[in-house]
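Topology and contacts: notes
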Amino acid sequence: MTTSAPPFAGLPSAHLPARLAALASVAEIAQDRSGPGGFSPELVTSAEGLLARAGERLRLSAAHTVVTLAGGTGSGKSSLFNALAGANFSPAAVTRPATRNAHACVWGMQGAAPLLDWLGVERRYRYARASALDAGEAALSGLLLLDLPDHDSVAAGAATAVDRLVSLADLMVWVLDPQKYADAAVHNRFLSKLARHGNVTTVVLNQSDLLTPQQAHDCEEDLRRLLDSEGHGEARVLLVSALTGAGLPELRQILATAVSARQTAADHIAADIDSITGGFDNYAVDPAGVARRSAENTPPAGASGGATFRPPWDDAAPGLPAEASPARTALDSVPAAPALAVADALAHAAGLAAVTDALEDVREIHAAKYLSWPFARVTDRKSVV
């Protein structure tokens, strides 16, 4: 007698609900204080969009793993999609945008319809790979593979569709070709902005059959260098050929591992949370209630890192020593205790301390997975989930 996996095995991860709850607290505080002089409206909108997206994904089938094949015109992603599916489901071409609508192939259709509706895949572009007689297909049961429109397509709405489906995917497979693997269109628009998503990203260098072994090695090394420079150290790089089948067994194994773990959706959402909280870092305050970064040194929303806060008296007037700065002279005349009290009151009025507390909750929950005592994590699992 066979047994099926629990309906939500592996989704969500142990700490994901608590991290989402903490992010919801941050977004609620920031929403009331967005606009000029407050939180970036774009950052607040991004946080709210992530919460809505995550909530919808967690309510849909956890038995399926959504994998997107994304790439530009002529990269061969549709040919790769057909090779993995074992049938010519998606039209392929090298001279024009051939894929104008997302195509889906599902290994095990039961329960996938609501997920396909949410993804927006039209019924006429849905295909089932359900035969239990196909050798090696059982390992892919639960895979929902999407062939996306070309990200550089001139077709109306194609770029918007790619942006949306990439954000909804569990695992992203970027299909590049030897001629355009360093194309700024894919690196600047997508890969460099998804640096925190390396563990749910695979980059495929297709059409390796067109290269000599030495050329293939050089292209792979250069692509690896590009990805590392963008922060994608965890992303996997794979040489494949949809024409000859080279590299396809390795790609299938990556997909089968993701499907069997049923953890990729939660990993993608966790990476999204990391990206959003990186934007809120710019508004965090220290225990005294003083902003960590000045407005001049605040990096753009969503960026990580940045210069630390520098008080104005550190910038002496030209020709004057630091201690003779007008700003320092004026501030030195204010007693320390009242100055800290005023700063604390202003920070409290702006809600900065509350944001800091909520951000600390997000980070502590995430860090506990790696740093807390294993037995404590086990005993506390039920309360966290």
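This write-up is about the structure you can find in this document. Every chain begins its residue count from 1, and numbering advances along the sequence as written. At least 70 in pLDDT is required for a residue's local features to be given in this predicted model, at least 80 for side-chain atom pairs to be given and counted, and no such filter applies to totals for whole chains, interfaces and linings, which use all residues. Computation of side-chain values: all heavy atoms of the structure, hydrogens and water removed.

Let's talk about the packing of helix H3 (residues 77-85) against helix H8 (residues 248-261)
Test applied: Inter-axis angles, ranging from 0 to 180 degrees, are taken between N-to-C directions of lines fitted to C-alpha atoms, where helices are fitted over the stretch in contact. A run of DSSP states H or I qualifies as a helix once it reaches four residues; a run of E qualifies as a strand once it reaches two. Both are numbered from the N-terminal end. Should an angle fall under 35 degrees it is taken as roughly parallel, and over 145 as roughly antiparallel, whereas 65 to 115 is taken as roughly perpendicular and any remaining angle as oblique. In what follows, residue pairs with any heavy atoms lying within 4.5 Å of each other are defined as contacts. Classification convention: Asp, Glu, Lys, Arg as charged; Ala, Val, Leu, Ile, Met, Phe, Trp, Tyr, Cys, Pro as nonpolar; all other residues, Gly among them, as polar.
In the contact formed by H3 and H8, the axes pass within 11 Å of each other and the chain directions differ by 75 degrees. When the interaxial angle is binned, H3 and H8 end up roughly perpendicular. Between H3 and H8, the contacting residues are Leu-80, Ala-83 and Leu-84 on the first element and Leu-248, Leu-251, Arg-252 and Leu-255 on the second. Along the lines of polarity and charge, the residues of the contact of H3 with H8 split into six nonpolar, no polar and one charged.

So, the packing of helix H1 (residues 16-31) against helix H2 (residues 41-59)
In plain terms, the rule: Crossings are classed by handedness, with left-handed meaning an anticlockwise turn of the near helix from the far one by less than a right angle and right-handed meaning a clockwise turn.
Axis separation between H1 and H2 bottoms out at 9 Å; the angle between their running directions is 150 degrees. Both H1 and H2 take part in a crossing whose hand is left-handed. Judged by residue contacts, Leu-16, Leu-20, Leu-23, Ala-24, Ala-27, Ala-30 and Gln-31 of H1 engage Val-44, Ala-47, Glu-48, Leu-50, Leu-51, Ala-54 and Leu-58 from H2. Taken together, the residues of the contact of H1 with H2 sort by class into 12 nonpolar, one polar and one charged.

Re the pattern of salt bridges
Selection rule: By definition, a salt bridge exists where a carboxyl oxygen of Asp or Glu is found within 4 Å of a side-chain nitrogen of Lys or Arg. Exposure categories follow from relative accessible area, calculated using a 1.4 Å probe and restricted to protein chains: below 20% of the type maximum is buried, above 50% is exposed, and the middle band is partly exposed.
This model, assessed by the stated rule, comprises 10 salt bridges. Of the charged contacts, one joins Asp-163 and Arg-189 as a salt bridge, the two residues approaching to 2.9 Å between their closest N and O atoms. One end of the pair, Asp-163, is in helix H5 (residues 158-168); the other, Arg-189, is in helix H6 (residues 184-189), with 26 residues separating them in the sequence. By relative accessible area, which is 28% here, Arg-189 ends up partly exposed. Here Asp-222 makes a salt bridge to Arg-225, at a shortest N to O gap of 2.6 Å. Of the two residues, Asp-222 and Arg-225 are both situated in helix H7 (residues 213-229); the distance of three residues between them amounts to about one turn of the helix. Asp-222 sits in the partly exposed class, given a relative accessible area of 22%.

Let's talk about the pairing of strand S7 (residues 236-239)
Rules: At least two DSSP bridges between two strands are needed for those strands to be called paired. Clockwise travel from the first strand over the helix to the second, with the strands pointing away from the viewer, marks a crossover as right-handed.
Examined bridge by bridge, strand S6 (residues 201-205) and S7 share four bridges and lie parallel to one another. Residue pairing in the sheet places Val-203 in a bridge with Val-237 of S7. The parallel pair S6 and S7, bridged by H7, forms a crossover whose chirality is right-handed.

Overview of H3
In terms of residue burial, H3 counts as a mostly covered element, since seven of its nine residues are buried. Turning to H3, its buried residues number three or more, namely Lys-77, Ser-78, Leu-80, Phe-81, Asn-82, Leu-84 and Ala-85. In this structure, the buried side of H3 is in contact with strand S1 (65-71), strand S2 (103-106), strand S4 (143-147), strand S5 (171-176), S6 and H8. A positive backbone phi angle near 80 degrees is found at Gly-86, which sits one or two residues after H3.

Examining the sheet that holds S7
Ordered by their spatial adjacency, seven strands build an open sheet running S3-S2-S4-S1-S5-S6-S7, and the pairing between neighbours is mixed. Lying at the two open borders of the sheet, with one neighbouring strand each, are strand S3 (126-128) and S7. For this sheet, the mean inter-axis angle between neighbouring strands, taken without regard to orientation, is 20 degrees. Lying over the sheet, H8 contacts S1, S4, S5, S6 and S7, oriented at roughly 145 degrees with respect to S7.

Details of the packing of aromatic side chains
One pair of aromatic rings is described through two measures. These are the centre distance and the angle between the planes. Selection rule: Ring pairs are drawn from Phe, Tyr and Trp, using the six-membered ring of Trp, whenever the two centres fall within 6.5 Å, and their geometry is named by plane angle: stacked under 30 degrees, edge-to-face over 60, tilted for the rest.
If you walk through the whole model with that rule in mind, you get three aromatic pairs. On the basis of an interplanar angle of 40 degrees and a centroid distance of 5.0 Å, the ring pair of Trp-174 and Phe-190 is categorised as tilted. Highlighted residues: Trp-174 in strand S5 and Phe-190 in the loop between H6 and S6, separated in sequence by 16 residues. In terms of burial, Trp-174 and Phe-190 fall into one category: buried.

A short note on H2
For the α-helix, the turn length of 3.6 residues means that residues three or four positions removed from each other point alike. Heads up, the rule is: Expected span of a helix: the number of residues minus one, times 1.5 Å. This arc corresponds to the set of directions leading from the helix axis out to the C-beta atoms.
The terminal C-alpha atoms of H2, which comprises 19 residues, lie 27 Å apart, in line with the 27 Å expected from a rise of 1.5 Å per residue. All buried positions along H2 are accounted for by Leu-43, Val-44, Ala-47, Leu-50, Ala-54, Gly-55, Arg-57 and Leu-58. Axial view of H2: buried residues confined to an arc of 165 degrees, hence all on one face. Exposed residues pointing more than 90 degrees away from the buried face of H2 are listed as Glu-42, Thr-45 and Arg-59. Tucked into the core, H2 has its buried residues touching H1, S1, helix H4 (113-119) and helix H9 (264-280).

Observations regarding unusual backbone geometry
Of note in the backbone geometry, Gln-207 takes a positive phi value of approximately 65 degrees without being a glycine. Residue Gln-207 is classed as buried on the basis of its relative accessible area, which comes to 15%. The backbone of Arg-262 sits at a positive phi, close to 50 degrees, despite the residue not being glycine. Looking at the secondary structure, you find Arg-262 in the loop between H8 and H9.

As for the side chain of Ser-61
This is how it is decided: Pairs of N or O atoms are called polar contacts if they sit within 3.5 Å, as long as, within protein, a hydrogen donor faces a hydrogen acceptor (for residues adjacent in sequence, only side-chain-to-side-chain pairs).
With respect to the helices and strands, the residue Ser-61 is situated in the loop between H2 and S1. A distance of 2.8 Å separates a polar atom in the side chain of Ser-61 from a polar atom in the side chain of His-64. Those residues in contact with Ser-61 that sit more than four places away from it in its chain are Gly-111 and Leu-115.

A look at the nonpolar core
One recurring pattern in soluble globular proteins: nonpolar side chains tend to sit buried together. As a reminder of what qualifies: Remark: nonpolar core denotes a set of buried residues (Ala, Val, Leu, Ile, Met, Phe, Trp, Tyr, Cys) joined through side-chain atoms within 4.5 Å.
Counting 65 residues, the largest nonpolar core has Leu-80, Leu-119, Leu-146 and Trp-174 as its most contacted members. For this core, the element with the most residues is H8, which contributes seven residues. Contact partners of Leu-80, with chain neighbours within four places excluded, come to Leu-69, Val-175, Val-204, Val-240, Ala-242, Leu-248 and Leu-251. Ala-47, Leu-50, Leu-58 and Ile-276 belong to the second largest nonpolar core, which has 19 residues in total.

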